[in-house]
Amino acid sequence: RAAGAEEKAAGAERLRARLAQADAQVLLESSELHGTQERVRALEHAVSSSEAAVEDFRSRFAASQAEHDSAAGTLRAQLAQQTAVVDTLGARAVEHRAVVADL
C-alpha cells in the first residue's frame, strides 16, 4: 500500500509539474499574443493615418487642378480676345492700304 501511495503521489507531482509547465507556456504565448495585437493596432493606426494623408493630398490636388483649369480657361479667353483684336487691326490695315493706294 505504501508503494502504491508513493506512486500515486509521484504521479500527482508529475501532473502538477506538467500543469505548471503548461501554465507557463500559456502565459508566454498570451504575452506574445498581446505584443502581436499591439503591433497590429499600431499598424492599423499607421495605415489609417496614411489613408487620411492620401485623401488630403487628393483633395488638395483636385482643388489645385480646378484652379489651374480655371486659369487656363481665363488665358484661353484672353488669347481669343487678343486674337480678335489682332484680326480687327489686320483688317483695318488692309482697308488703310486700300485708301492709301487710291490716293
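Please refer to the structure higher up on the page.
K.L.:
Mind showing me how you'd approach a nonpolar patch on the surface here?
P.N.:
Where nonpolar side chains cluster on the molecular surface, the patch consists of V99, V100 and L103 and spans about 350 Å² of accessible area. Structurally, the position occupied by V100 is in helix α1 (residues 2–102). Looking at V100, the relative accessible area reads 57%, which means it is exposed.

K.L.:
So what exactly am I meant to see when it comes to the packing of aromatic side chains here?
P.N.:
Aromatic ring pairs are reported here in terms of the distance separating the ring centres and the angle at which the planes meet. Applying the stated criterion across every chain, the model contains one aromatic pair. Look at F57 and F61: their rings are 6.1 Å apart centre to centre, the planes differ by 25 degrees, and that puts the pair in the stacked class. Note that F57 and F61 are positioned in helix α1 at a spacing of four residues, about one turn of the helix.

K.L.:
Looking at this model, I keep getting lost on the pattern of salt bridges. Mind explaining?
P.N.:
A side chain with one charge may pair with a side chain of the opposite charge, provided their charged atoms come close. Enumeration according to the criterion identifies four salt bridges in this entry. Close ionic contact of E13 with R16 constitutes a salt bridge, the shortest N to O distance being 3.2 Å. With E13 and R16 both in helix α1, this residue pair falls three residues apart, about one helical turn. The salt bridge partner of E38 is R41, with a shortest N-O separation of 2.6 Å. Placement of the pair is E38 and R41 together in helix α1, with a separation of three residues, close to one helical turn. On the basis of relative accessible area, E38 is assigned to the partly exposed category, the value being 38%.

Reading guide: rules and limits
- Residues numbered from 1 in each chain as written.
- Predicted model: local features only at pLDDT ≥ 70, side-chain atom pairs only at ≥ 80, totals over all residues.
- Heavy atoms only, no water.
- Patch = residues over 30% accessible without salt bridge, like charges linked within 9 Å, V, L, I, M, F, W, Y side chains within 5 Å.
- Areas by Shrake-Rupley, 256 points an atom, 1.4 Å probe, with all protein chains shown as cover.
- Salt bridge = Lys/Arg side-chain N within 4 Å of Asp/Glu carboxyl O.
- Helix = DSSP H or I, 4+ residues; strand = E, 2+ residues; numbered from the N terminus.
- Buried < 20%, exposed > 50% of the residue type's maximum accessible area, 1.4 Å probe, protein only.
- Phe/Tyr/Trp six-rings, centres within 6.5 Å; stacked < 30°, edge-to-face > 60°.

In short, the description is geometric, and any link to function would need to be established separately.
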